[in-house]
Amino acid sequence: MKHNRRFVLVLVIGGFLTACSGTLPKPWEKDLLAKPAMAMDSDTLEQRFLQHIYTSKENSAGGASVGGGGCGCN
Amino acid sequence: MTSSLGLPHHTRRMCLRAGAAWLAVGSLPLSASAMGDAVPPITLQASDGEPVLPEVGPWRVTYIDFWASWCAPCKLSFPWMNEMHDKWSSQGLRVVAINLDRNQADVLRFLQQNPARFAVALDPGAVVAKRFDIQAMPTSITIGPNRAMLFSHRGFRLQDRQDLERRISGALGLKS
């Protein structure tokens, strides 16, 4: 009985953790994400410049951003 | 024989299999048409007064583009689609752009800035997009005679134009 309760608890926690994973926005629902106000940084060129300096100093590149503005096309 | 969770091994195995099956089914596209399959009729009306995919007409190949006003690559694709329409509509190519914006004012503003000489249809509820399980914006699907799905293309970059033109001209039976 105690073990069964533990199993149910694991299932419930697992369910909570994965509950949002199946509800990704569809490509046509990303209009708000594509708005300039939703950008993580205000100036793309400045961010690219800073990123260039950073990767030059670190001798590594990539992993700092994702492509596209929320339209799911890149 | 029981597992560390207190359940018999066969029960635990069954739960794990059910979970794996649920994940696998959940990640599958809902209604994607395979290449060569006949796509369902699209009766949505386009701006030229015809359905997006007419049963009869002079068209042999239909290029359907799913787009939205906020999508930058969609904007990039409009001049190219105008070019395709001008170049090959007399050869039997129908270009239709299905808009998926929820707000019609955004569509009108976009079309004023980026005029379309090809047909445009509005699908604010994304009914057609859901049927084709569109995964990116823009996505194009090219449909041949007998509503056979010829090919699809995700996104739009300027370097994609040559390949798309080659495939469309091939579908039209033209020498590229």
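Note that this is a predicted model, so its numbers are computed, not measured.

Below, the discussion takes up the overall build of chain A. Counting its regular elements, chain A contains two helices and zero strands. With 74 residues in all, chain A has 12% of them scored as buried.

This part is about unusual backbone geometry. All names here are of chain B. Following Met137, the chain continues to Pro138 via a peptide bond in cis, the omega torsion being 0 degrees. Within the chain, Asp133 stands out as a residue other than glycine whose phi angle is a positive 50 degrees. Tracing the chain through its elements places Asp133 in the loop between helix H4 (127–131) and strand S4 (139–143). Phi at Asn146 is positive, roughly 60 degrees, even though this residue is not glycine. Note on placement: Asn146 falls in the loop between S4 and strand S5 (149–154). Residue class for Asn146 comes out exposed when judged on the 7 C-beta atoms lying within 10 Å of it.

Below, the discussion takes up the confidence of the model for chain B. Reading fine detail from the predicted coordinates is not recommended where pLDDT is low. Residues and elements named next belong to chain B. Confidence along chain B averages 86 in pLDDT terms, with 82% of residues attaining 70 or more. Per-residue pLDDT stays below 50 along residues 25–31; that stretch engages in five contacts with residues further than four places along the chain or on separate chains. Our summary of model confidence lists the complex with pTM equal to 0.72 and ipTM equal to 0.71.

Residues and elements named next belong to chain B. Within the element layout of this structure, Trp67 appears in strand S1 (residues 61–67). Residue classification places Trp67 among the buried positions, given that 28 C-beta atoms sit within 10 Å. Between the alpha carbons of Trp67 and Asp101 there is a distance of 8.1 Å; along the sequence they are 34 residues apart. Once you skip the residues sitting within four places of it in the chain, Trp67 turns out to touch Cys74, Ala97, Asn99, Met137 and Pro138.

This part is about the nonpolar core. Counting residues in hydrophobic clusters, the biggest one holds 37 residues, and the most contacted among them are B:Ala68, B:Val96, B:Ile98 and B:Ala129. Residue assignment for this core shows that the elements contributing at least two residues are S1, helix H2 (72–88), strand S2 (93–99), H4, S4 and helix H5 (161–172) of chain B. Those residues in contact with B:Ala68 that sit more than four places away from it in its chain are A:Trp28, A:Asp31, B:Cys74, B:Asn99, B:Leu100, B:Asp101 and B:Met137.

Moving residue by residue along a regular strand, the side chains alternate between the two faces of the sheet. Residues and elements named next belong to chain B. In terms of residue burial, S1 counts as a mostly covered element, since seven of its seven residues are buried. Side chains Val61, Tyr63, Asp65 and Trp67 of S1 all project onto a buried face; the interleaved residues Thr62, Ile64 and Phe66 project onto the opposite face, where all are buried too. Handedness of the crossover joining S1 and S2 through H2 is recorded here as right-handed. In this structure, S1 lies alongside S4, joined through five bridges in antiparallel fashion. Bridge assignment links Asp65 to a residue of S4, and that residue is Ser140.

Attention now moves to the environment of A:Val10. Assignment of secondary structure puts A:Val10 in helix H1 (residues 2–18). A sequence separation of 43 residues divides A:Val10 from A:Ile53, and the C-alpha atoms of the two residues are 46 Å apart.

Here the focus is the sheet that holds S4(B). Whether parallel or antiparallel, the strands of a sheet pair through hydrogen bonds between backbone atoms. Residues and elements named next belong to chain B. Read across the open sheet, the five strands follow the order S3-S2-S1-S4-S5; overall the sheet is mixed. In this open sheet, the two strands that pair with only one neighbour each are strand S3 (119–122) and S5. Shown here is a sheet whose adjacent strand axes are inclined to one another by a mean of 20 degrees, direction ignored. The pairing of S2 with S3 spans four bridges and is classified as parallel. The residue bridging Ala97 from the neighbouring strand is Val120, located in S3. Its contacts with the sheet put H2 on S1 and S2, and the angle it makes with S2 is roughly 155 degrees.

Helical geometry: 3.6 residues make up each α-helical turn, so side chains three or four residues apart lie on a common side. Residues and elements named next belong to chain B. Its 17 residues give H2 an end-to-end C-alpha distance of 25 Å, which sits within 8% of 24 Å, the value for a rise of 1.5 Å per residue. Within H2, the axis deviates most sharply at Phe78, by approximately 30 degrees, and proline Pro79 lies no more than four positions further along. Regarding H2, the residues found buried are Pro73, Cys74, Ser77, Phe78, Met81, Met84, His85 and Trp88. Buried-residue contacts for H2 involve S1, S2 and H5.

With 17 residues, H1(A) extends 25 Å from end C-alpha to end C-alpha; this agrees with the ideal 24 Å at 1.5 Å per step. Burial analysis of H1(A) places just zero of its 17 residues in the buried class, which makes it a mostly uncovered element.

Procedures and definitions
- Residues numbered from 1 in each chain as written.
- Chains lettered and ligands numbered in written order.
- Predicted model: local features only at pLDDT ≥ 70, side-chain atom pairs only at ≥ 80, totals over all residues.
- Helix = DSSP H or I, 4+ residues; strand = E, 2+ residues; numbered from the N terminus.
- Buried ≥ 20, exposed ≤ 12 C-beta atoms within 10 Å, placed from the backbone.
- pLDDT = per-residue confidence, 0-100.
- Contact = placed C-beta atoms within 7 Å.
- Core = buried A, V, L, I, M, F, W, Y, C linked by C-beta atoms within 7 Å.
- Right-handed = clockwise from strand over helix to strand, strands pointing away.
- Pairing = 2+ DSSP bridges.
- Axes fitted to C-alpha atoms, helices over the stretch in contact; angles between N-to-C directions.
- Expected span 1.5 Å × (residues − 1).
- Bend = angle between axes of the 7 residues up to and from the residue.

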